Amino acid sequence: MKKHPLTVGVMAGLLSLAATLPLQAANETSNFSTPRQQMLQQEDIASQIEHLLAQMSIHEKIGQLALRDWGTFGASDMKSIKQAVREGRVSGFLNVNFSAVDKNAFEELQRIAVEESPLGIPLLFGQDVIHGYETIFPIPLGQAASWNPELIRNGARIAAQEASADGIRWTFAPMIDISRDPRWGRIAETLGEDPLLTSILGVAMVEGFQTSNLADPTSLAACGKHFAGYGAAEGGRDYNSAYIPERLLRDIYLPPFKAGIDAGMQSIMSTYSTLNDVPGTGSPFLFKQILRDEWGFDGFVVSDWNAVMEMVPHGFARDARHAANLAANAGIDMEMHTDTYEKFLPQLMDEGKFSEAQLDTAVANILRVKLRLDLWNHPYPRAQSEAEREQIIRSAQFLDAAKEAAKETFVLLKNDKKVLPLKKGQTVAVIGPLAEAPHEQLGTWIYNGDKKHSRTLLPALRAMVGDEGEILYAAGLDYSRDMSTRGFKAAVKAARKADVILYVGGEESILSGEGHSRGDIRLPGAQAELVAALAETGKPLAMVLMAGRPLQLDDTLEQADAVMMAWHPGTMAGPALADVLYGETSPSGRLPLTWPVGAGQIPIYYNHLATGRPATDDNYTRIEKIEREVFQHQPGNSSNLLDYGHKPLFPFGYGLTYSEFEYSDLQVSSTTLDANGQLSISATITNSGRTTATETAQLYVRDLVGSVSRPVRELKGFERVTLAPGESRRVQFHLTAEDLAFHNAQMEQVIEPGEFRLWVAPDAQSGLESGFTLR
Ligand code: BGC
């Protein structure tokens, strides 16, 4: 397998323990330390924890488990909050919105914690810094389409630098839930459907947030969420039940969390959903058995917002007291938003239902992370003045990085007649509800993002063409759900005047994200009608889609000559799109998930099992071709949908460029692989087109026979290569027996000998094929 950053991640995990001593002189630029130093510091942290615990009252200990939501407080609550902090009853706050509160109040609370609370333990400020802080990067699903860990690491690093300027040292990211359901609104926050891709990109995000040294004042502790199985919410309905057999859980849903923890990820958030009938927030199986006993996690676990109390409507807890008991005993260290721990743990302890040793463990888990973050030496916002802040936040360098990142996330799905790139000199009619939509281009979870900083498409296109060509504009629809055809006339008129139509549509940002799932994933509003009207002009039609999920495209796909998926690209959407649309850079994004024909095909994912009757192009009859009253078996019996067929619209890993690539000369170093051996797999990739472009070569395997049925393909590695026209390069992957391990029916991780197929491929549905025997 190609060496991917997981190995780097493990190193970062070790290095992240390198916190400088708390209560010591500040070391602003503390660097990597040697393993021996790390050990010492680790011991120092352990003794600091012991020292603190020995002095804490039960109430102060319980206070360290309390994460309060700033957004739920009014100005009139300030006095009581200050008092709670003064008494050591609060561990931290989440989601402080600086535009809504007085920043001094925030600093004042930290001052009270540090100077007036009994032991001076600093508060930890956490925030949903999901895809940027004020410089908004593309949504995570878009970032995943880059298949570029470096890009993701860099984006997280920038977000951490901005957020820490405001005193935030903990982010509720990465979201590493695997999802196979684009109806689920939160798929926008995921890194896609594949466990390996999500692991690699999730680790990159952790590394970007945390750096190799958590004590660095620009680092944020990362939080892997949501443990576990949230992405499998039934029917795509958010917060819903997830049913995942343990084998599948261990092979598909858990690996990104394990990878994150091995990379030093400091916290984990519980899920709202039930997993096999047990609410995630009340599951000792997840938090004790897997997280602590099997994986040895030594950071802390936080409940999701209100999730402890939600065990009551789940019908799992009788009341708040019972919920506190269940969550605390399941291993939820910190309670987000609700205060059942504060209210009920003392009583539960008196009754022997929760011990002081358990409480000490939870407190120690939290203090360990606070100590590693070196909050004692850096309790306050990094930017001490507005001028300092301005130097950091939305700096030219950060904005440029956001633009460069966005350019790598666009996935070209179709480009007939080479309509893209646009050519200077053309008259372009820009039409559609999302071409000038500064808020919508930012996507979900933008606590600190603001549309007033968005760079939109129209001015960027005009700057790009200058006086070489004309950019006309008629939105046609005011917003993505707009049903009114009032603007169609002007739009068609502009289209008629143009050489080429650029339609920019999709979904507003509110149509994806938390609680915003859709059953119908077609273009909302009257967009399909508008595209049809534009197509009727006969002009070349290029379409840019912005959305938090793949959309059902129906006839629109035929009507458009070119389609580029841009996700929600963030602050710099306009300039990034202009560059790619005009061919300054070729698109290079690849789908991090399978794109369905329609919602009725969901769940659809590339690493599915084969059935006993796999569908092929000719073993079933499409609905429109079935004769009336034909004998039952005659149109064929295979695993397909009569109307949607058996293939997705676009496979996992798919994406075009402005050039063409050829794969040739697949070589496998041996026909056999031994338990301790390694296979080298290589192939030549040639840019046979006319433009420099980046190809992402993917290695897939199939285990032909197993003690349980095995997926038709599994991603085992990938490599991005940028090639000039005519240039060739060999890509090389290494595969070991360990890479082929899976969980058997007894939940043992096994490597089973047998025959394997492998592919070096541009996507999950094609490629050069070979095979080997695992002995
Ligand atoms: C979400 C989490 C988020 C938390 C804090 C919850 O509703 O599920 O992902 O981190 O709120 O804002």
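Asks: How should I be thinking about the overall build of the protein chain in this particular structure?
Replies: The secondary structure content of the protein chain amounts to 21 helices and 26 strands. Whereas a compact globule of 775 residues would reach a radius of gyration of roughly 28 Å, the protein chain reaches 27 Å, a difference of no more than 12%. Principal axes of the C-alpha set define a box for the protein chain whose edges measure 75 × 65 × 55 Å. Looking at the 775 residues of the protein chain, the share that counts as buried comes to 62%.

Asks: When you look at the site of the ligand in this model, what are you seeing that I'm missing?
Replies: Neighbouring the ligand are 14 residues, the closest being Asp 128, Arg 186, His 226, Tyr 272 and Asp 304. A distance of 3.0 Å separates an oxygen atom of the ligand from a polar side-chain atom of Asn 95. Here Asp 128 contributes a side-chain N or O atom positioned 2.4 Å from an oxygen atom of the ligand. Here the ligand loses 95% of its free accessible area of 310 Å² to cover by the protein chains. The residue makeup of the shell around the ligand, split by class, is seven nonpolar, two polar and five charged.

Asks: Teacher, can you tell me more about helix H19 (residues 527–535) here?
Replies: Since there are 3.6 residues in each turn of an α-helix, residues three or four apart along the chain are aligned in direction. Among the residues making up H19, those that are buried are Gln 527, Leu 530, Val 531 and Leu 534. Down the axis, H19 shows its buried residues gathered within 100 degrees of arc, on one side only. Next to the buried residues of H19 lie strand S12 (427–431), helix H18 (488–497), strand S14 (500–506), strand S15 (541–546) and helix H20 (554–559).

Asks: Mind showing me how you'd approach the packing of aromatic side chains here?
Replies: Here the distance between the centres and the angle between the planes together describe a pair of aromatic rings. This model, assessed by the stated rule, comprises 18 aromatic pairs. For the pair Phe 93 and Phe 125, a centre-to-centre distance of 6.0 Å together with 20 degrees between the ring planes defines the contact as stacked. Of this pair, Phe 93 sits in strand S2 (residues 92–94) while Phe 125 sits in strand S3 (residues 124–127), placing them 32 residues apart in sequence. Ring centres 5.1 Å apart and planes at 15 degrees place the aromatic pair Phe 650 and Tyr 654 in the stacked group. For the pair shown, Phe 650 and Tyr 654 are each scored as buried. An aromatic cluster is defined as three or more aromatic residues linked by ring pairs; in this entry it consists of Trp 147, Tyr 606, Phe 652, Tyr 700 and Phe 718. Here the basic side chain of Arg 180 rests over the ring of Tyr 605, its NZ or CZ set 3.5 Å away from the ring centre.

Asks: What should I look at first to understand the sheet that holds strand S11 (residues 411–415) in this one?
Replies: Hydrogen bonds along the backbone pair up the strands of a sheet, which may run parallel or antiparallel. Ordered by their spatial adjacency, six strands build an open sheet running S11-S16-S15-S14-S12-S13, and the pairing between neighbours is mixed. In this open sheet, the two strands that pair with only one neighbour each are S11 and strand S13 (470–474). Between one strand axis and the next, the sheet turns by 20 degrees as a mean value, whatever way the strands run. On top of the sheet, H19 reaches S12, S14 and S15; it is set at about 175 degrees to S14, its chief contact.

Asks: What should I look at first to understand the sheet that holds strand S1 (residues 66–69) in this one?
Replies: Strand order across the open sheet formed by five strands is S4-S3-S2-S1-S10, with parallel pairing between neighbours. Of all strands in the sheet, those with a lone pairing partner are strand S4 (170–171) and strand S10 (335–336), marking the two edges. Of the strand pairs in this sheet, S1 and S2 are connected by three bridges, and their pairing is parallel. The residue bridging Asp 69 from the neighbouring strand is Leu 94, located in S2.

Asks: Could you clarify how one ought to interpret the packing of helix H17 (residues 457–465) against helix H21 (residues 573–581) in this entry?
Replies: Angle between the axes and distance between the axes: these two values describe a pair of packed helices. At a closest axis distance of 8 Å, the pairing of H17 and H21 adopts a crossing angle of 45 degrees. Taken together, H17 and H21 sit at an angle that is classed as oblique. With respect to the hand of their crossing, H17 and H21 are arranged in right-handed fashion. The segment H17 lies against H21, with Leu 457, Ala 460, Leu 461 and Met 464 engaging Gly 574, Pro 575, Leu 577, Ala 578, Asp 579 and Leu 581. Taken together, the residues that form the contact of H17 with H21 break down as eight nonpolar, one polar and one charged.

Asks: Explanation requested: the side chain of Thr 456 in the structure shown.
Replies: Here Thr 456 is to be found in the loop between S12 and H17. Of the residues examined, Thr 456 reaches a relative accessible area of 11% and is grouped as buried. One polar contact links Thr 456 to Glu 436, side chain to side chain, over a distance of 2.9 Å. In contact with Thr 456, other than residues within four places in its own chain, are Ala 435, Glu 436, Ala 437, Pro 438, Gln 441, Gly 574 and Pro 575.

Asks: Hey, could you run me through the nonpolar core in this one?
Replies: Nonpolar side chains tend to gather and get buried jointly when the protein is soluble and globular. Among the nonpolar cores identified, the biggest contains 129 residues, and Phe 93, Trp 170, Phe 227 and Ile 268 are the most heavily contacted of them. When sequence neighbours within four positions are dropped, the list of residues in contact with Ile 268 reads Cys 223, Gly 224, Phe 227, Phe 257, Ile 261, Phe 287, Leu 291, Phe 297, Phe 300, Val 301 and Val 302. By size, the runner-up hydrophobic cluster in this structure holds 47 residues, among which are Leu 530, Leu 551, Leu 553 and Phe 650.

Asks: It is not clear to me how the confidence of the model for the protein chain should be interpreted in this structure. Could you clarify?
Replies: Low pLDDT means the predicted atomic positions in that stretch should not be read closely. On average, residues of the protein chain score 93 in pLDDT, and 94% of them reach the 70 mark or higher. Under a pLDDT of 50 for its full length, residues 1–36 has, in the predicted model, 89 contacts with residues more than four places off or in other chains.

Asks: What is the right way to read the pattern of salt bridges from this model?
Replies: Applying the stated criterion across every chain yields a total of 49 salt bridges. With a closest N to O distance of 2.7 Å, Arg 481 and Glu 508 form a salt bridge. You can see Arg 481 sitting in the loop between S13 and H18 and its partner Glu 508 sitting in the loop between S14 and H19, a full 27 residues away along the chain. Judged by its relative accessible area of 39%, Arg 481 is partly exposed. Between Arg 710 and Glu 714 there is a salt bridge, with the nearest N and O atoms lying 3.3 Å from each other. Through salt bridges with shared partners, a single ionic network connects Arg 86, Glu 108, Arg 111, Glu 115 and Glu 116.

Asks: How do you make sense of the environment of Ala 599 when you look at a structure like this?
Replies: With respect to the helices and strands, Ala 599 occurs in the loop between H21 and strand S17 (661–668). Between the C-alpha atoms of Ala 599 and Met 349, which are 250 residues apart in sequence, the distance is 50 Å. Those residues in contact with Ala 599 that sit more than four places away from it in its chain are Gly 519, Ile 521, Gln 552 and Tyr 644.

Scoring rules and cut-offs
- Think of each chain on its own: its residues are numbered from 1, step by step along the sequence as written.
- Owing to the predicted nature of the model, reporting of local features is limited to residues with pLDDT of at least 70; listing and counting of side-chain atom pairs is limited to 80 or more, with chain, interface and lining totals taken over all residues.
- Working from all heavy atoms in the structure, the side-chain values ignore hydrogens and water.
- The numbering of helices and of strands both runs from the N terminus, where a helix is a DSSP run of H or I of at least 4 residues and a strand a run of E of at least 2.
- Our radius of gyration is a C-alpha quantity, and the globule rule it is checked against amounts to 2.2 Å times the number of residues to the power 0.38.
- Here the term buried applies to any residue with accessible area under 20% of the maximum for its type, exposed to any over 50%, and partly exposed to those in between, with areas from a 1.4 Å probe on protein chains only.
- Summary of the distance rule: residues count as near a molecule or strand when at least one heavy atom falls within 4 Å of that molecule or strand.
- The definition of a polar contact used here is a pair of N or O atoms within 3.5 Å, where within protein one atom must be able to donate a hydrogen and the other to accept one, and adjacent residues in sequence count solely through side-chain atom pairs.
- The accessible surface values rely on the Shrake-Rupley method and a 1.4 Å probe; as for residues, cover is taken only from the protein chains in view.
- Polarity classes work like this: nonpolar for Ala, Val, Leu, Ile, Met, Phe, Trp, Tyr, Cys and Pro, charged for Asp, Glu, Lys and Arg, and polar for all others, with Gly in that last group.
- As used here, the arc is the angular range of directions from the helix axis to the C-beta atoms.
- Two residues form a contact once any of their heavy atoms are found within 4.5 Å.
- Stacked, edge-to-face and tilted labels apply to pairs of Phe, Tyr and Trp rings (six-membered ring for Trp) whose centres lie within 6.5 Å, assigned for plane angles under 30 degrees, over 60, and everything in between, in that order.
- To sit over a ring, a charge needs its Lys NZ or Arg CZ within 6 Å of the ring centre and within 35 degrees of the ring normal.
- Strand pairing is defined by DSSP finding a minimum of two bridges between the two strands.
- To obtain each axis, a line is fitted to C-alpha atoms, and for helices this fit is confined to the stretch in contact; angles are then taken between N-to-C directions over 0 to 180 degrees.
- Any angle that falls under 35 degrees is termed roughly parallel, while one over 145 is termed roughly antiparallel, one within 65 to 115 roughly perpendicular, and all others oblique.
- Take the far helix as the reference: if the near one is turned anticlockwise from it by less than a right angle, the crossing is left-handed, and if turned clockwise, right-handed.
- Remark: nonpolar core denotes a set of buried residues (Ala, Val, Leu, Ile, Met, Phe, Trp, Tyr, Cys) joined through side-chain atoms within 4.5 Å.
- Known as pLDDT, the predictor's confidence for each residue is given on a scale from 0 to 100.
- A pairing counts as a salt bridge when a side-chain nitrogen of Lys or Arg comes within 4 Å of a carboxyl oxygen of Asp or Glu.

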